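Summary of structural features
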Amino acid sequence: MFTPAILIAAIFNGLLTGAVYALVALGLTLVYGVLHIINFAHGALLSAALFAAFFAFHQFGLDPYLAAFLLAPAFFACGYAFQRFVIGPASHGDDRNMLLVTLGIAIVIENALLYAFHADTRTIDVPYAFQSIDLGFTFLAVPRLVGFGAVFVVALLLWLIMAWTDTGKAIRAVAKERLGAELAGIDVAHIYAVTFGLGTACVAIAACLLIPTYYVNPSVGNAFVLIAFTIVVLGGMGSVPGALIGGLVTGVVESLSGLFLGDSLGQIGIFLIFILVLLVRPNGLFGAKA
Amino acid sequence: MSTSALLDIRGLRAGYGETEVLQGIDLTVSPGEIVAVLGSNGVGKSTLNRAMSGIVRARAGTIQFDGDAVENEKPSAIVARGLIHVPEGRRIFPNMTVSENLDLGSYRRATARRAANRDRIFSTFPRLFERRSQRAGTLSGGEQQMLAIGRGLMAEPKLIILDEPSLGLSPLLVEELFALIARINGEGMAVLLVEQNVVQSLEIANRAYILADGKFVMSGAAADIAADPALKRAYLGM
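Cut-off values and rules
Starting afresh in each chain, residues are numbered from 1 along the sequence in its written order. Here the convention is simple: chains get letters from A, ligands get numbers from 1, in the order in which they are written. Thresholds applied to this predicted model are a pLDDT of at least 70 for local features of residues and 80 or more for the giving and counting of side-chain atom pairs; totals over whole chains, interfaces and linings are not thresholded and use all residues. Neither water nor hydrogens contribute to the side-chain values; these are computed over all heavy atoms in the structure. To qualify as a helix, a DSSP run of H or I must reach at least 4 residues; to qualify as a strand, a run of E must reach at least 2; elements of each kind are numbered from the N terminus. Atoms considered for the radius of gyration are the C-alpha atoms alone. The globule rule reads 2.2 Å times the number of residues to the power 0.38. Classification of residues uses two cut-offs on accessible area relative to the type maximum, computed with a 1.4 Å probe and protein chains only: under 20% is buried, over 50% is exposed, and between them is partly exposed. Note on definitions: a residue-residue contact is assigned when non-hydrogen atoms from the two residues lie within 4.5 Å. The Shrake-Rupley method, run with a 1.4 Å probe, gives the accessible areas here. Residue values count only the displayed protein chains as cover. His residues and chain termini do not enter the charge count, which takes Lys and Arg as positive and Asp and Glu as negative. Charge coordinates come from a single atom per side chain, which is NZ of Lys, CZ of Arg, CG of Asp or CD of Glu. Remark: nonpolar core denotes a set of buried residues (Ala, Val, Leu, Ile, Met, Phe, Trp, Tyr, Cys) joined through side-chain atoms within 4.5 Å. Salt-bridge detection follows one rule: a side-chain nitrogen of Lys or Arg within 4 Å of a carboxyl oxygen of Asp or Glu. Polar contact criterion, stated in full: a pair of N or O atoms within 3.5 Å, where within protein one must be able to donate a hydrogen and the other to accept it, and residues adjacent in sequence count only if both atoms are side-chain atoms. Polar here means any residue other than Ala, Val, Leu, Ile, Met, Phe, Trp, Tyr, Cys and Pro, which are nonpolar, and Asp, Glu, Lys and Arg, which are charged; Gly is therefore polar. Any pair of Phe, Tyr and Trp rings, taking the six-membered ring for Trp, is counted once the centres come within 6.5 Å. Such a pair is stacked with planes under 30 degrees apart, edge-to-face with planes over 60 apart, and tilted for the rest. Angles here are taken between N-to-C directions and fall from 0 to 180 degrees, while the axes themselves are lines fitted to C-alpha atoms, restricted in helices to the stretch in contact. For classification, angles of less than 35 degrees are called roughly parallel, those exceeding 145 degrees roughly antiparallel, those between 65 and 115 degrees roughly perpendicular, and all remaining angles oblique. Computed over the protein atoms alone on a 1 Å grid, cavities are sets of points where a 1.4 Å probe fits but cannot get out and pockets are open sets with protein on both sides within 12 Å along at least five of seven lines; a residue lines them when it has an atom within 4 Å of a point. Grid points are joined across faces, edges and corners, and a volume is the space filled by probe spheres set on the points. By this rule the span expected of a helix is its residue count minus one, scaled by 1.5 Å.

1. A look at the overall build of chain B
- Tallying secondary structure elements over chain B gives 10 helices and 10 strands in all.
- Taken against the 2.2 N^0.38 rule, which gives 18 Å for 238 residues, the C-alpha radius of gyration of chain B at 17 Å falls within 12% of a compact globule.
- Viewed in the frame of its principal axes, chain B has a C-alpha envelope of about 45 × 40 × 35 Å.
- Counting over 238 residues, chain B shows a buried share of 56%.
- Summarising the internal contacts of chain B: among those between residues at least 6 apart in sequence, 67% fall at separations of at least 24.
- For chain B, the accessible surface area stands at approximately 9700 Å², while carbon and sulfur atoms represent 48% of it.
- Positive and negative side-chain charges in chain B, numbering 27 and 26 respectively, have mean positions lying 5 Å apart.

2. Looking at the nonpolar core
- One finds Leu23, Leu35, Leu46, Leu50, Val174 and Ile186 of chain A together with Leu104 of chain B to be the most contacted residues of the largest nonpolar core, which totals 87 residues.
- Listed by contribution, the elements that provide at least two residues to this core are helix 1 (4-35), helix 2 (42-60), helix 3 (64-91), helix 4 (95-117), helix 5 (142-164), helix 6 (166-176), helix 8 (188-210) and helix 9 (220-235) of chain A.
- The element best represented in this core is helix 8 of chain A, accounting for 16 residues.
- Residue contacts for Leu50 of chain A: discarding those within four places in its chain leaves Ala207, Leu210, Ile211, Tyr215, Val216 and Val220 of chain A.

3. Re the interface of chain B and chain A
- Counting residues at the interface gives 24 residues for chain B and 20 residues for chain A.
- The interface formed by chain B and chain A includes 5 salt bridges.
- Salt-bridge contacts for Arg172 of chain A lead to Glu100 of chain B; the nearest nitrogen and oxygen are separated by 2.9 Å.
- Summed over the shared surface of chain B and chain A, the number is 7 residue pairs in polar contact (both at pLDDT 80 or more).
- Elements supplying a minimum of two residues to the side of chain B that touches chain A: helix 2 (75-81) and helix 3 (98-105) of chain B.
- The biggest single contributor to the side of chain B that touches chain A is helix 3 of chain B, with 4 residues.
- For the side of chain B that touches chain A, the residue count by class is 10 nonpolar, 6 polar and 8 charged.

4. Some remarks on the packing of aromatic side chains
Residue and element names in this part refer to chain A.
- Summed over all chains, the structure comprises 11 aromatic pairs over all chains.
- Relative to Phe224, the ring of Tyr21 has its centre 5.9 Å away and its plane inclined at 65°; by these criteria the two rings are edge-to-face. Taken together, the residues span a long stretch of sequence, with Tyr21 in helix 1 and Phe224 in helix 9 at a distance of 203 residues.
- For Phe224, a relative accessible area of 7% corresponds to the buried category.
- Between Tyr65 and Tyr128, the ring centres sit 5.2 Å apart and the planes meet at 20°, which makes this aromatic pair stacked.

5. Comments concerning the packing of helix 6 (residues 141-153) of chain B against helix 7 (residues 171-186) of chain B
Residues and elements named next belong to chain B.
- Orientation of helix 6 relative to helix 7, taken along the N-to-C sense of each, is 10°, at an axis distance of 11 Å. Classified by the interaxial angle, the pair formed by helix 6 and helix 7 is roughly parallel. Every residue of helix 7 that contacts helix 6 at Gly142, Gln145, Met146, Ile149 and Leu153 is listed here: Leu173, Leu177, Leu180 and Ile184.
- Its residues placed into classes, the contact of helix 6 with helix 7 shows 7 nonpolar, 2 polar and no charged.

6. Here we look at empty space enclosed by the protein
- Tallied over the entire structure, the rule returns 2 cavities of 30 Å³ or more.
- Of the pockets and cavities examined, the largest cavity occupies roughly 70 Å³.
- Lining the largest cavity are Leu183 and Ala184 of chain A together with Val79, Ile84, His85, Val86, Pro87, Gly105, Ala148, Arg151, Gly152 and Ala155 of chain B.
- Those elements that provide at least two residues to the lining of the largest cavity are strand 6 (83-86) and helix 6 of chain B.
- Among the residues making up the lining of the largest cavity, the classes are represented as 8 nonpolar, 3 polar and 1 charged.
- Volume-wise, the second largest cavity comes out at about 30 Å³.

7. Details of the environment of Val151 of chain A
All names here are of chain A.
- Residue position: Val151 is located in helix 5.
- The exposure class assigned to Val151 is buried, which follows from its relative accessible area of 6%.
- In this structure the C-alpha to C-alpha distance between Val151 and Leu113, which are 38 residues apart in sequence, comes to 27 Å.

8. What to know about the layout of surface pockets
- In this model, the largest pocket occupies a volume close to 1200 Å³.
- Around the largest pocket, the lining comprises 39 residues; the ones closest to its centre are Arg172, Lys176, Gly238 and Val240 of chain A together with Asn95 of chain B.
- For the lining of the largest pocket, the secondary-structure elements that each account for two or more residues are helix 1, helix 5, helix 6 and helix 10 (240-261) of chain A together with helix 3 of chain B.
- Per element, the largest residue contribution to the lining of the largest pocket is 6 residues, and it comes from helix 5 of chain A.
- Here the residues of the lining of the largest pocket sort into 19 nonpolar, 11 polar and 9 charged.

9. Points about helix 6 of chain B
Residue and element names in this part refer to chain B.
- The first and last C-alpha atoms of helix 6 sit 18 Å apart over 13 residues, in line with the 18 Å expected at 1.5 Å per residue.
- With respect to burial, helix 6 is a largely interior element, 12 of its 13 residues being buried.
- Those residues of helix 6 that sit buried are Gly142, Glu143, Gln144, Gln145, Met146, Leu147, Ala148, Ile149, Gly150, Arg151, Gly152 and Leu153.

10. Section: the side chain of Asp187 of chain A
- By the secondary structure assignment, Asp187 of chain A is in the loop between helix 7 (178-183) and helix 8.
- A residue is classified by how much of its surface remains accessible, and Asp187 of chain A, at 12% relative accessible area, is buried.
- Contact partners of Asp187 of chain A, with chain neighbours within four places excluded, come to Arg84 of chain A together with Lys74, Ser76 and Arg108 of chain B.

Right, dumping it as C-alpha cells:
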C-alpha cells in the first residue's frame, strides 16, 4: 500500500483543491440560502470569470492574483445587475421563475463565450505555476497554497460582513423571515441583488485562483459547479460552514480516491461519500431539520 | 380633520387575485391618537395593514401619510417615512440574537440613534435585556411579541400599527401589553391598534372603527362604541 508520506501529501493536496471547490460552493449556497433558488448561471459565470482572468493576463499582463481585486468588484456589480434588472423583474414575484431565468442566463452566457472565443481550450503561463514548497516528505504547489489562503481570507471577510454590517444582518434576516424584513424597512430586491452579487464575486475570485494552473473554455465552469452543487447538498443547503467544510472534505475525498482508484476515477469517491452522507443525514452535514 | 391627520385613507380597495377584500375604506389617525380597528377573523384587518405598509397594493383609493401619498410606495420607503407595522405573528428573525433583531429595526430610520434607542427599549423590556444575546427563536411567545414591538420602536415611528399584538398571550401578559401601548402613546406616538380583543382595546383607544366584510360599519369615540351592547353583539360576536 501507500506510505504515510504519500497519504499525507494526498490529503494536503486534497485540502488545497477543496478550498477552491469550497469557494465556488460558497457562492452557490449563499444565493440558495437567501433567494431559495439554485443559481443555474453559476457555472457559466465561472467560465466568464475565467475568460476575464485569462484576458486580463493575456492582453494587459495583469497577474491573476492582482486581477482578483478588480474582477471581484466587477463581477459583484454584474451579479447585482443581473438579479436587480433581469432575474428579479423577469420572475414577477414568483421565486420558481427566478430559477428558470438563471438557466436562461446560463445558456446566453455560455453561447456568447462560444461565439466570441470558440471552443478552444486556453491556458496562461505564469512563472510561479510550477513552483512548490518542500515540506521534506512532500511538495506543495505554490498556486494551490495561495488559493487556500485566499479562500480562508474570503470566508473570513464574508463572515465579518454577515456578522457585523447592517447589510450582512439584513441578508440573514431576509433569508429566514422575508415579510418581517420588509416591514423592518429592508429593501428585499436590493438584498437579493447584493446576495447574488456576493455569490458572483466568489466565482470571480475562484476563477483568479484557478487560472494559473487550470485552463479555460466556454463550458469549463460546469464541471466545477456540478461538484459545487454536490458540496452544497452535502454540507446542507444554504449553510456557509457546510459549504466550506463540505468543500474541503470533497477535495480530500477526490484526492484520496484518485490515489486508490486511479486519477480518472477520482470523482467517483465524491459521489459515493455524497450518497452515504445523505443516507445518514438527509439534510446534509450542517442542514437544518426539515 | 383631514388636513391635520397623520394618516388619511380614502376609498381604499385592495385584495388578492379575484377576491376584493377591502371594499372602500376611509380611516384617519391624528397625531397622538390611539385608534382601534376591531373586527373578527377574516374581515380584512390584515389586508388593511398590509395595504398601509405597501405589502399589498391598493387597487383604488388613496393613502396619505404625513401629508404625502404613499399608496404606490414600496414597504421600505414607507418605513423610511415613519409608518411602522408590527405584524401579526411577530415575524421576528429567529436565527438572530435579540440585539440583532432590534438593530435591524433601525436599518432604515433612526440609525444614528441606534444605541440610545436600544438602551431605552431594554429599560422598557428588562426581559429582552436579559436575553439580548439569545437567538430570538428561543424566546417565549410573550417575549417574542415584546421583541417585535421593540423592533418597531427602534425606528422612532410617527405612527405604529400593532397587528393583533395580544394574540396568543396569557391574560396577565395582555394586561401588561395594553399598559405598555398606553405608555408608548403617552410619549406622543400615534398608535393604530388592530385587534380582536375588543374590551381592552376600547379601554385604551380614543376612537375605534368596526370592520365587517371589508367595510367599516361603524366608527366613533371608543367610549360610545363600548357603551353600545347591540353593536358589540352584532359585529364583534360578544
